[in-house]
Amino acid sequence: MELMMADLEALKLYINYYSTILTTPLPQHYDPDLLAQYFASRPHILAFRTIQILFAFVSALAKMQISKRSQLNADSTYNSGNSSNGFNASQYMVGQLLKEMFLDLGPTFVKVGQSLSTRPDIIGSEICEALAELHERVPPFPREDAMEIIEGEFECPVSHIFSYISDEPVAAASFGQVYQGRTVDGALVAIKVQRPNLLPSVLRDIYILRLGLAFIRKVAKRRSNISLYADELGRGFIGELDYNIEAANATKFLEVHSRYPFMLVPKVLKQLTRKKVLTMEWVTGENPKELLSLTKGVSGKVTEASEKQKLDAKTHLLDLVNKGVEASLVQLLETGLLHADPHPGNLRYTPEGCVGFLDFGLLCMMARKHQRAMLASIIHIVNGDWASLVYDLTEMDVVPPNTNLRRVTMELEDALGEVTFEDGIPEIKFSKVLGKIWSVAFKYHFRMPPYYTLVLRSLASLEGLAVAADENFKTFQAAYPYVVRKLLSDNSLATRRLLNQAIFNEKKEFQWQKVAAFLKLASARGNFKYNSGALPEPDTKDVNVASLVEISGASLLDRATATPERAVHTANLCVRLLLSKDSIVIRRLIMTANAKSLARDLISRDALMFRVLLRKVIADIVCQWMLNVTGLKRVAETRMRMENDGHLVLSEESSTLMALQAVVRDRRMQVIYSKFLRELREEPVLMVRVSWNMFVISVTSAAVGLHRFMVFLSEEYLPTLPPPVPPPQLVQIQTL
């Protein structure tokens with residue numbers, strides 16, 4: 001009896017133990033240990049889903065083999081036509097089969113496919129291109145389920161919350177879909193509703209994926225724990241299932257980027273947001289894919305596009321791409337807060353010409369160290385400095401420790417050695433450079449941090465859109481103006497070193513060909529030429545680096561478009577920029593330059609345009625001085641022009657004169673002058689040559705100024721002569 005009672009007690013303990021396990025609820029967050037305990041007592045759930053997944057993979061492999069055998073000739077023809085572009089058609093076909101398989105397996109695997117589409121370093125660029133279509137081809141779920149979820153989250157009828165909700169979703173994603181609606185007070189909003197019963201299926205599929213990766217690791221005998229990739233996906237996916245987190249992400253992204261007017265981030269309506277329902281402002285704008293279709297004359301909204309519609313669509317698309325590239329660089333180099341899903345479906349081109357961002361389920365934060373390394377890598381790619389690029393990749397934590405950097409540098413030089421440069425810009429597409437780097441990275445088992453793949457994938461996607469509309473588009477040319485302005489305005493030590501590398505040689509001498517290319521690239525405002533030729537107003541108070549580089553290329557460096565008016569305008573900006581708060585980097589740059597080399601350059605033939613500009617400015621000073629000395633102040637005021645509002649505005653020459661006088665009196669510039677004079681005294685011959693050139697410029701300028709003064713006096717005081725009388729016509733009479 002005692003043994004029987006002990007067995008009954010043990011049986012009771014077992015029953016309580018298993019009942020506790022069976023009644024344990026599914027974890028609401030991703031924890032591999034808790035999931036292992038939960039599914040260990042429910043093997044039937046895993047078994048059924050595992051069979052379904054294996055069947056889908058086997059079917060995909062079978063389709064792959066059948067396609068390879070039945071379409072071998074067609075594939076070889078397609079490959080031969082695209083071999084020059086490095087496109088692998090068979091890999092793209094594999095990507096298409098994987099895409100169909102992920103669609104059949106449901107939301108979790110669709111999301112896995114979307115995540116893989118941003119990792120060409122793992123699966124290759126062709127498969128990524130095919131999987132990127134998963135962002136657009138997700139089937140929606142019934143509207144009745146969506147309305148039921150909204151009512152369940154707010155615990156009241158839908159009509160009490162929204163006065164209108166569209167019958168069909170305007171967009172369907174892997175984890176939810178978006179409806180257009182109006183609030184009770186009439187505001188137009190986007191309503192994002194989560195798919196029903198999503199949490200159990202996501203946790204189940206991620207756990208199965210984790211088991212599968214562990215099995216592959218064991219069979220392949222790999223040291224690295226590839227199951228951590230499933231853990232990374234699981235934590236990210238579960239975080240996306242709480243729309244309160246996405247609302248907080250959108251608010252943070254808006255606060256950080258609110259000072260950039262070309263970036264539009266919709267506001268979140270917190271009172272209409274719950275865990276499974278997210279309500280945001282409606283972003284009115286054009287979809288990049290629709291713009292691309294319209295440029296080709298094929299669109300679902302327009303039966304037959306006119307030439308004007310095609311041109312407008314191309315203009316909008318290229319403007320979107322240029323601003324999208326700058327927005328990516330702002331996130332990368334300024335704020336460090338990255339949009340983690342940067343595919344074209346999450347972008348809009350607004351009527352105001354802004355880039356609208358959608359979907360903030362995931363954000364990525366960059367370290368300051370990585371931002372500096374990324375800026376350096378762009379400079380070194382443009383300069384073709386592959387050894388420094390390898391060092392930048394090391395600073396980004398892409399190249400693992402104990403890697404043979406010399407071999408990696410040789411590999412990059414072999415891969416990118418055929419790159420040619422035109423006007424300082426690599427004659428190669430960004431996606432191809434990216435593919436070359438990734439091929440080397442895959443060979444040497446580099447690590448790809450999340451921020452690195454996100455930003456590069458974003459730039460590659462934007463380039464793909466632009467190249468489809470304009471085959472001459474260059475991503476580097478679109479990105480470099482922002483990079484140059486960053487170098488000229490950031491006063492940090494690391495940025496100054498990069499600037500010195502860009503325009504100085506080892507002897508601290510200006511490399512004028514690089515300076516010319518530097519300013520030309522900085523002045524480029526896009527890859528399409530819609531320049532009206534208008535100059536900014538000379539009396540603008542907000543003079544900064546951007547206003548200088550905006551016109552510097554056209555005004556001084558391009559002899560075909562250089563004019564005296566543009567030269568004076570650029571001189572005005574340069575002089576005033578030297579005294580602004582934004583020019584501390586430029587003043588440091590001049591201070592550290594080799595004065596002897598700079599003096600030789602200024603008296604060389606290449607600096608003729610600068611000397612002509614200086615003569616014009618001095619001539620204006622002489623003319624104005626003579627007008628003031630002779631007491632013709634009232635007459636001098638006639639050189640002013642009236643604006644429409646009735647206020648007097650100084651002419652360009654007068655403004656330049658005042659700015660030049662301020663520069664002469666400025667103590668900071670006086671320090672630079674004295675430093676240059678001290679260095680020039682060390683070479684008397686050079687000092688004499690510079691003095692002679694300055695004497696010639698002064699005499700010539702004084703003569704021109706005196707001539708202008710005399711012309712002014714003659715026009716003002718000499719009487720107007722009558723027009724000359726034409727000689728009488730001689731009439732020749734012919735007599736018969």
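Note: the structure precedes this text.
Keep in mind the model is a prediction, meaning the values are calculated, not measured. Every chain begins its residue count from 1, and numbering advances along the sequence as written. Confidence filtering applies because this is a predicted model: local features only for residues at pLDDT of at least 70, side-chain atom pairs given and counted only at 80 or more, and all residues used for totals across whole chains, interfaces and linings. As a rule here, side-chain values cover all heavy atoms of the structure and leave hydrogens and water aside.

S.K.: Please set out the packing of aromatic side chains residue by residue, giving values where relevant.
M.R.: Only Phe, Tyr and Trp rings are paired, with Trp represented by its six-membered ring, and only when their centres lie within 6.5 Å; those with planes under 30 degrees apart are stacked, over 60 edge-to-face, the remainder tilted. Per the stated rule, a full pass over the model turns up 8 aromatic pairs. Here the aromatic rings of F39 and Y207 are separated by 5.4 Å at their centres, their planes lie at 20°, and the arrangement is stacked. Placement of F39 in helix α2 (residues 32-40) and of Y207 in helix α10 (residues 198-220) is noted, with a sequence separation of 168 residues between them. Classification of residues uses two cut-offs on accessible area relative to the type maximum, computed with a 1.4 Å probe and protein chains only: under 20% is buried, over 50% is exposed, and between them is partly exposed. Its relative accessible area of 4% is what places F39 among the buried residues. When its relative accessible area of 10% is taken as the criterion, Y207 is described as buried. A connected cluster of aromatic rings, assembled from ring pairs, spans Y38, F39 and Y207. By definition, being over a ring means that NZ of Lys or CZ of Arg is both within 6 Å of the ring centre and within 35 degrees of the ring normal. Over the aromatic face of F175 sits the side chain of K111, whose NZ or CZ is 5.4 Å from the ring centroid. Helix and strand definitions follow DSSP, with helices as H or I runs of at least four residues and strands as E runs of at least two, each counted in order from the N terminus.

S.K.: Break down the nonpolar core for me, citing the residues and quoting the values.
M.R.: By nonpolar core is meant a set of buried Ala, Val, Leu, Ile, Met, Phe, Trp, Tyr and Cys residues that side-chain atoms within 4.5 Å join together. Of all hydrophobic cores here, the largest spans 85 residues; its most connected members are M263, V325, L329, F357, L412 and Y452. At 11 residues, helix α14 (residues 307-335) tops the list of elements feeding residues into this core. Grouped together as the second largest cluster of nonpolar side chains are 37 residues, L97, L134, F175 and I206 included.

S.K.: Could you give an account of the sheet that holds strand β8 (residues 347-349), naming the residues involved and the relevant values?
M.R.: Pairs of strands are assigned from DSSP output, requiring at least two bridges between the strands. One open sheet holds the 3 strands; their spatial order is β5-β9-β8, and the pairing between them is mixed. If you trace the sheet from one side to the other, it starts and ends with β5 (263-264) and β8, each paired once.

S.K.: Quick one: what's the story with the pattern of salt bridges, residue by residue and with numbers?
M.R.: Note on definitions: salt bridges are taken to be side-chain nitrogens of Lys or Arg within 4 Å of carboxyl oxygens of Asp or Glu. Inspection of the entire model under this criterion finds 11 salt bridges. Residues D312 and K308 are paired through a salt bridge, measuring 2.9 Å at the closest nitrogen-oxygen approach. You can see D312 and its partner K308 sitting in helix α14, 4 residues apart, about one turn around the helix. On the basis of relative accessibility, which here comes to 30%, the residue D312 falls in the partly exposed class. Two residues, D319 and K323, come together in a salt bridge whose shortest N-O distance is 3.2 Å.

S.K.: With reference to specific residues and values, describe the side chain of Q177.
M.R.: On the secondary structure map, Q177 appears in strand β3 (residues 176-183). One polar contact links the side chain of Q177 to the main-chain amide nitrogen of F141, over a distance of 2.9 Å. Contacts are residue-level and defined by heavy atoms, with any inter-residue pair within 4.5 Å sufficient. Apart from residues lying up to four places away in sequence, Q177 is in contact with P140, F141, P169, A171, A172, I191, K192 and V193. We call two N or O atoms a polar contact when they sit within 3.5 Å, provided that within protein one can donate a hydrogen and the other can accept it, with sequence-adjacent residues counted only if both atoms are side-chain atoms.

S.K.: Report on the pairing of strand β4 (residues 188-194), specifying residues and quantitative values.
M.R.: Here β4 lies mainly inside the structure; 6 of its 7 residues are buried. By the bridge criterion, 7 bridges tie β3 to β4 in an arrangement that is antiparallel. In the strand pairing of β4, Y179 is matched with I191. Counted along the chain from β3 to the antiparallel partner β4, the turn is 4 residues long, and its residue G186 has a positive phi close to 95°. Where β4 lies against strand β6 (residues 277-281), 5 bridges are found, and the strand directions are antiparallel. Bridge pairing in β6 places I191 opposite T279.

S.K.: Go over the packing of helix α6 (residues 107-116) against helix α11 (residues 227-240) with me, naming the residues and quoting the values.
M.R.: Angles shown run from 0 to 180 degrees and are taken between the N-to-C directions of axes, each axis being a line fitted to C-alpha atoms and, for helices, limited to the stretch in contact. Interhelical geometry of α6 versus α11 gives an angle of 115° and a closest axis separation of 11 Å. With respect to α11, the axis of α6 lies roughly perpendicular. Between α6 and α11 the crossing geometry is right-handed. For the pair α6 and α11, contact is made by T108, K111, V112, S115 and L116 and by Y229, L233, F237 and E240, respectively. Residue classes follow a fixed rule: Ala, Val, Leu, Ile, Met, Phe, Trp, Tyr, Cys and Pro count as nonpolar, while Asp, Glu, Lys and Arg count as charged, and any other residue, Gly among them, counts as polar. Here the contact of α6 with α11 is composed, by residue class, of 5 nonpolar, 2 polar and 2 charged. Here the angle decides the label: under 35 degrees means roughly parallel, over 145 means roughly antiparallel, 65 to 115 means roughly perpendicular, and every other value means oblique. Crossings are sorted by hand: turned counterclockwise from the far helix by less than a right angle, the near helix makes the crossing left-handed, and turned clockwise it makes it right-handed.

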